[in-house]
Amino acid sequence: KACFEPSVSSGKAPLEIQFDPTCSTGTVVKYRWNFANLGKSTDRKPKFEFRDPGAYDVSLEVADNQNVVDTFTSKVTVEAK
């Protein structure tokens, strides 16, 4: 099961957020992050900076060693400076 916690879920632009997937369950061997189509990462605990105000969907896709895949999505809100 995919799951993650952002260091913060809202704040003023530019907003750098650390994403922590330790709440994911199972034997995760691959992480695929998508930061609202602004960037991607395969790091386990990536940081990403949202530069502009808006509401962004961040998704994490995890896969185990049998290639069973699960996805989790959460919204991040960035306010004007």
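Provided above is the structure to which this section pertains.
Cut-offs used in this document
Residues numbered from 1 in each chain as written. Predicted model: local features only at pLDDT ≥ 70, side-chain atom pairs only at ≥ 80, totals over all residues. Heavy atoms only, no water. Pairing = 2+ DSSP bridges. Helix = DSSP H or I, 4+ residues; strand = E, 2+ residues; numbered from the N terminus. Disulfide = S-S within 2.5 Å. Buried < 20%, exposed > 50% of the residue type's maximum accessible area, 1.4 Å probe, protein only. Contact = heavy atoms within 4.5 Å. Polar contact = N/O pair within 3.5 Å; in protein donor to acceptor, adjacent residues only side chain to side chain. Core = buried A, V, L, I, M, F, W, Y, C linked by side-chain atoms within 4.5 Å. Salt bridge = Lys/Arg side-chain N within 4 Å of Asp/Glu carboxyl O.

(A) Structural context of the sheet that holds strand E8 (residues 69-79). Ordered by their spatial adjacency, five strands build an open sheet running E2-E8-E7-E4-E5, and the pairing between neighbours is mixed. Either end of the sheet is taken by a strand with one partner, and the two such strands are strand E2 (10-12) and strand E5 (40-41). By the bridge criterion, two bridges tie strand E4 (residues 28-35) to E5 in an arrangement that is antiparallel. In the sheet register, Trp 33 faces E5, and the bridge partner there is Ser 41.

(B) Region of the structure containing the state of the cysteines. The final tally for this structure, using the stated rule, is one disulfide. Linked covalently through their sulfurs, Cys 3 and Cys 23 form a disulfide whose S-S length is 2.0 Å. Looking along the S-S bond of the Cys 3-Cys 23 disulfide, the torsion reads about -95°, which is the left-handed sense. With Cys 3 in the segment before strand E1 (5-6) and Cys 23 in the loop between strand E3 (15-20) and E4, this residue pair connects regions lying 20 residues apart in the sequence. Owing to a relative accessible area of 18%, Cys 3 belongs among the buried residues under this scheme.

(C) Representation of the environment of Asp 64 within the structure. Among the secondary structure elements, Asp 64 is positioned in strand E7 (residues 54-64). Between the C-alpha atoms of Asp 64 and Lys 30, which are 34 residues apart in sequence, the distance is 6.8 Å. When near neighbours in sequence (up to four residues on either side) are disregarded, Asp 64 contacts Thr 27 and Val 29. From its side chain, Asp 64 meets the backbone nitrogen of Val 68 in a polar contact 2.9 Å long.

(D) Representation of the nonpolar core. One finds Phe 19, Trp 33, Phe 35, Phe 50, Val 58, Val 76 and Val 78 to be the most contacted residues of the largest nonpolar core, which totals 17 residues. Secondary-structure elements contributing two or more residues to this core are E3, E4, strand E6 (47-50), E7 and E8. It is E7 that contributes the most residues to this core, four residues altogether. For Val 58, the residues in contact, after removing those within four places along its chain, are Phe 4, Phe 19, Trp 33, Asn 34, Phe 35, Phe 50, Phe 72, Thr 73, Ser 74 and Val 76.

(E) Examining the pattern of salt bridges more closely. Under the counting rule described, the total for this entry stands at five salt bridges. For the salt bridge of Glu 79 with Lys 12, the shortest nitrogen-to-oxygen distance reads 3.9 Å. Highlighted residues: Glu 79 in strand E8 and Lys 12 in strand E2, separated in sequence by 67 residues. Among the residues examined, Glu 79 registers a relative accessible area of 36% and is labelled partly exposed. With a relative accessible area of 51%, Lys 12 lands in the exposed category. The shortest N-O distance in the salt bridge between Lys 75 and Asp 57 comes to 3.0 Å. A residue pair is termed long-range when its members are at least 10 positions apart, and Lys 75 in strand E8 and Asp 57 in strand E7 qualify at 18 residues.

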